[in-house]
Amino acid sequence: MDSSSVVNKLFTEIQRHENQIDAWCRTQKEEIQRSQRQHIDFSKEADTKIKLLHKNEKKLQVLIEKNRKDEEKENEDLENLEKQNMRLQEQLEALPEKVEQLQRETKREEQNLETKKAELQRSEHNKKLRLKEYSSGIAYYQQFLGLTYERVGEQGLRLVFTKVDSKNPSKEFYFSLSLNESNSYEMGECQPEVQCIDILEQLNSSNNLSVFVVGMRKLFQEYARKSVPQ
């Protein structure tokens, strides 16, 4: 084989290898470019996920803080409820004693009321009895002393005498008598006015109405005798 054939064969072989190298380089370049694109896409996706994670992390921190505050508020409310429950329990435990005390006070008030009611009934009975005696005693003298009377209010009488003044037998002499809250007699109007304090005191001491009526008639008679005829 001549040298020219050898050279051509060698050139052909070298050209074939160069083509293979070029093909391999292109393949590697394309692979590198594809890997770069994948890396860029992965980086973008990873960056997006990281940002999302950061955002979610902030939301989670806000939620954790809110939950912490809510828990503190719930604990505070629970503590207040426990204190309130303790106060209510103490009040509940003291309630029977207060009820018993109230029952005792109510019983005392009822007893006082019954006592006052009985005293009032006795007082009313005594007043009615004295007024009955009052009326009975006066009736005895109506015919003989020219005495008439009429009720004044619920607790009083107005007594009117005639046949007192011999110069004027029809002339009226009168006074009113009543019972006060102390169940004592007291004088009201008196015409003409005479000094009857002593016999009024005797009436309240003795409760003898007949003697008092006679005493008042005598005072009126004495007044009539001393009066100067007009």
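One can find the structure itself at the top, above this paragraph.
These numbers were taken from a predicted model, which means no experiment stands behind them.

Engineer: Summarise the state of the cysteines; cite the residues concerned and give the values.
Structural biologist: The tally for this structure, following the rule as stated, stands at zero disulfides. Cysteine cysteine 196 remains unbridged, with the sulfur of cysteine 190 as its closest cysteine sulfur at 5.3 Å. A relative accessible area of 8% means that cysteine 196 is categorised as buried.

Engineer: Summarise helix H2 (residues 197-206); cite the residues concerned and give the values.
Structural biologist: Residues Ile199, Leu200 and Leu203 constitute the buried set of H2. Down the axis of H2, the buried set is contained in an arc of 105 degrees. They therefore lie on one face. Turned more than 90 degrees from where H2 packs its buried face, Ile197, Asp198, Glu201 and Ser205 sit exposed. Once H2 ends, the next one or two residues include asparagine 207, with phi positive near 65 degrees.

Engineer: Explain the packing of H2 against helix H3 (residues 209-226) residue by residue, including any values.
Structural biologist: The contact between H2 and H3 brings their axes to 9 Å, and the two run at 170 degrees. Considering their axes alone, H2 and H3 lie roughly antiparallel with respect to each other. For the pair H2 and H3, the contacting residues are Ile199, Leu200 and Leu203 in the first and Leu209, Phe212, Gly215, Met216 and Leu219 in the second.

Calculation rules
Residues numbered from 1 in each chain as written. Predicted model: local features only at pLDDT ≥ 70, side-chain atom pairs only at ≥ 80, totals over all residues. Heavy atoms only, no water. Disulfide = S-S within 2.5 Å. Buried < 20%, exposed > 50% of the residue type's maximum accessible area, 1.4 Å probe, protein only. Helix = DSSP H or I, 4+ residues; strand = E, 2+ residues; numbered from the N terminus. Arc of directions from axis to C-beta. Axes fitted to C-alpha atoms, helices over the stretch in contact; angles between N-to-C directions. Parallel < 35°, antiparallel > 145°, perpendicular 65-115°, else oblique. Contact = heavy atoms within 4.5 Å.

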